[in-house]
Amino acid sequence: MPSSGSKKEIRSITDLPGVGPSTANKLIEAGYSTIEAIAVATPHELAAVTGIPLATAQRIIKAAREALDIRFKTALELKKERMAAKKITTGSRNLDSLLGGGIETKTITEFFGEFGTGKTQICHQLAVNVQLPVEKGGLSTPDRVAKAVYIDTEGTFRWERIEAMAKRWGLDPDQVMENILYIRAINSDHQMAIVDELFNIVPKENIKLVVVDSVTSHFRAEYPGRENLAARQQKLNRHLHQLAKLAEIYDLAVVVTNQVMARPDVFYGDPTQPVGGHVLYHAPGVRVQLRRSRGNKRIARIVDAPHLPEGETVFVITDYGIDDPEE
Ligand code: GTP
Ligand code: MG
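Residues numbered from 1 in each chain as written. Chains lettered and ligands numbered in written order. Predicted model: local features only at pLDDT ≥ 70, side-chain atom pairs only at ≥ 80, totals over all residues. Heavy atoms only, no water.

So, on to the overall build of the protein. When you go through the protein residue by residue, the secondary structure sums to 13 helices and 11 strands. When the 327 residues of the protein are sorted by exposure, 50% land in the buried category. (Helix = DSSP H or I, 4+ residues; strand = E, 2+ residues; numbered from the N terminus. Buried < 20%, exposed > 50% of the residue type's maximum accessible area, 1.4 Å probe, protein only.)

Strand order across the open sheet formed by 9 strands is S5-S4-S6-S7-S3-S8-S9-S10-S11, with mixed pairing between neighbours. Every other strand in the sheet has two partners, leaving strand S5 (180-184) and strand S11 (321-323) as the edge strands with one partner each. Strand-to-strand twist across the sheet, computed as the mean angle between neighbouring axes with direction ignored, equals 25 degrees. Relative to strand S10 (residues 312-318), strand S9 (residues 297-303) is paired through 5 bridges, and the arrangement is antiparallel. Residue pairing in the sheet places Arg298 in a bridge with Phe315 of S10. Across the sheet, helix H7 (residues 119-129) touches strand S3 (107-113), strand S4 (147-152), S5, strand S6 (207-213), strand S7 (253-259), strand S8 (286-292), S10 and S11, and the angle it forms with S7 is around 165 degrees. Of the strands in this sheet, S5, S10 and S11 are in contact with helix H8 (residues 159-168), which crosses S11 at around 45 degrees. (Pairing = 2+ DSSP bridges. Axes fitted to C-alpha atoms, helices over the stretch in contact; angles between N-to-C directions. Contact = heavy atoms within 4.5 Å.)

Our next topic: the packing of helix H3 (residues 43-50) against helix H4 (residues 54-67). At a minimum axis distance of 8 Å, the contact between H3 and H4 shows a crossing angle of 120 degrees. What the angle tells us is that H3 and H4 run oblique. Here H3 and H4 pass one another in a crossing that is right-handed. From H3, Pro43, His44, Leu46 and Ala47 reach across to H4, where they touch Leu54, Ala57, Gln58, Ile60 and Ile61. (Parallel < 35°, antiparallel > 145°, perpendicular 65-115°, else oblique. Left-handed = near helix turned anticlockwise from the far one by under 90°.)

Our focus in this paragraph is unusual backbone geometry. Following Asp213, the chain continues to Ser214 via a peptide bond in cis, the omega torsion being -5 degrees. Counting through the fold element by element, Ser214 comes out in the loop between S6 and helix H11 (217-222). Phi is positive for Asn206, close to 55 degrees, though the residue is something other than glycine. Locating Asn206 in the fold gives a position in the loop between helix H10 (188-205) and S6.

Another aspect to go through is the site of ligand 1. As a structural note, the neighbourhood of ligand 1 is formed by 15 residues, with Gly116, Lys119, Thr120, Gln121 and Asp319 the closest of them. The contact in question runs from an oxygen atom of ligand 1 to an N or O atom on the backbone of Gly116, over 2.8 Å. Here Asp319 contributes a side-chain N or O atom positioned 2.9 Å from a nitrogen atom of ligand 1. For ligand 1, whose free accessible area comes to 660 Å², the fraction covered by protein is 67%. Of all the secondary structure elements, the ones that give two or more residues to the shell around ligand 1 are H7 and S10. Tallying contributions element by element places H7 first for the shell around ligand 1, with 3 residues. Looking at the shell around ligand 1 residue by residue, the classes come out as 2 nonpolar, 7 polar and 6 charged. (Near = heavy atom within 4 Å. Polar contact = N/O pair within 3.5 Å; in protein donor to acceptor, adjacent residues only side chain to side chain. Areas by Shrake-Rupley, 256 points an atom, 1.4 Å probe, with all protein chains shown as cover. Nonpolar A, V, L, I, M, F, W, Y, C, P; charged D, E, K, R; others polar.)

Counting buried residues along S7, 6 of its 7 residues qualify, which places the element largely inside the surrounding structure. In this sheet, S7 lies alongside S3 in parallel orientation, the contact comprising 7 bridges. Residue Glu110 lies in a different strand from S7, and its bridge partner there is Val256. Where S6 meets S7, 4 bridges bridge the pair, whose relative direction is parallel. Opposite Val212, over in S7, you have Val256 as the bridge partner.

Here S9 lies mainly inside the structure; 5 of its 7 residues are buried. Examined bridge by bridge, S8 and S9 share 6 bridges and lie antiparallel to one another. Residue pairing across strands places Val288 opposite Ile302, the latter belonging to S9.

This next bit is on helix H1 (residues 21-29). Those residues of H1 lying buried are Thr23, Ala24 and Leu27. Down the axis of H1, the sector holding all buried residues measures 100 degrees, keeping them to one side. Turned more than 90 degrees from where H1 packs its buried face, Pro21 and Glu29 sit exposed. In the core, the buried residues of H1 are packed alongside helix H2 (35-39) and H3. Count one or two residues on from H1 and you reach Gly31, which has phi positive near 95 degrees. (Arc of directions from axis to C-beta.)

Enumeration according to the criterion identifies 4 aromatic pairs in this entry. For the pair Tyr150 and Tyr182, a centre-to-centre distance of 6.5 Å together with 25 degrees between the ring planes defines the contact as stacked. With Tyr150 in strand S4 and Tyr182 in strand S5, this residue pair connects regions lying 32 residues apart in the sequence. The ring of Phe112 carries the charged tip of Arg287 above its face, separated from the ring centre by 4.3 Å. (Phe/Tyr/Trp six-rings, centres within 6.5 Å; stacked < 30°, edge-to-face > 60°. Lys NZ or Arg CZ within 6 Å of the ring centre and 35° of its normal.)

Let us look at the environment of His218. Along the chain, the position of His218 falls in helix H11. What makes His218 buried here is its relative accessible area of 11%. For His218 and Thr153, which are 65 residues apart along the polypeptide, the C-alpha to C-alpha distance reads 7.2 Å. Not counting the four nearest positions on each side in its chain, His218 is found in contact with Thr153, Ala185, Ile186, Asn187, Ser188 and Gln191.

Take a look at the structure:
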C-alpha cells in the first residue's frame, strides 16, 4: 500500500534519498527526470550517467520503485486494494451500476463526448454528492465532511446548479457550496500548477474529489494542429500523471472531462485513445463516453476498462441534477 503520509512523500527525483542537486541535474540531463524513469532504469545506467556509486544507484532505484508501489503483490493484496477503493454516486443508479457502483477513488474517471452531453452537469453533481454520508453514496464520515475541488477551465461552473442539486438531497445549499473549492485555470501552466498546489491543500481540507472541467481545452488551444501534437501529449501526460498520483496517494476520486467533436480525427486523433495517450496509472483509469439521446436523455458507455463489463446505459439531466429516466 502507498504510505499515505507515514514517511516523507517522494514527489520528484530530488526527494529520493541520495539524490542531491548535482546528481539531480545529471539525471535530468540524461533524461531521468521523473520517478517513473528512474524506477525502470538499471543501476548500471544510472551509475554511468551520474558517476554515483553502484550501491547508491541501487538505493535510488529501490526508493523510486517503493514510491510507485512497484513490487510483487499477492492476488489477495490486489483484491483488498480494489475493494478498499471508495465510490461516489452519480445520482443515477443506471450510471452507478455501469461504473461498478459509482465513481471510484484512487483513479481518474474521464467523461468524454460532444458539447451538451452532460459532462459539466455530472461534475457539478459529483461535487455535491461527494459530501453525502457514506451510506448515501458520498464520502463524508461522521467526524469529517468530504470536500471537492473544482478546477474550471472554461468558465462553465454555475453555483446555481450546485444549489439546486444540494436541495435535492435535503442538504443545506450554503454549507455544500462552502465545501467546494473553486478555481478558474487560466492556461495549461496554471492548470498544472494548481494540481501541484493540491498536494498541500488536499490533506488539510479532506478533499475527496478533484474535478478538472475540461482537462484538455487549454492544451488544445495552446498546442494547435498536428505539428504540436507530440508536445501537447507530453505535457498533458505529465498533468494526468500528477492527477493520478494525487488520486492514489490521498485516496480520492479525480474526474476529468474531455470534449470530443463529431469527427474527432480532424481535431484530435483517435477518440478511443486515452486522453493523454498511454499513461502509467496505478489503477486502471475509467473512460466514459457520453452521447445525446432524446430530450434530456443521455447515453453513457464505458470504453476500454478491463475491470468493468462492457455496456451502455441511459440517464437524464433534470433541474435537480443527474437522475434515472422514468420507466
Ligand atoms: P460542453 O462543455 O460544451 O462540451 O458540454 P457538456 O457536456 O459539459 O454539457 P453540460 O453538462 O453543460 O450539459 C448541458 C445540458 O445540460 C444542456 O443541454 C441542458 O439540457 C442540461 N442542463 C443544464 N442546466 C440545466 C438545468 O438547470 N436544468 C435542466 N433540466 N437541464 C439543464
Ligand atoms: Mg462542459
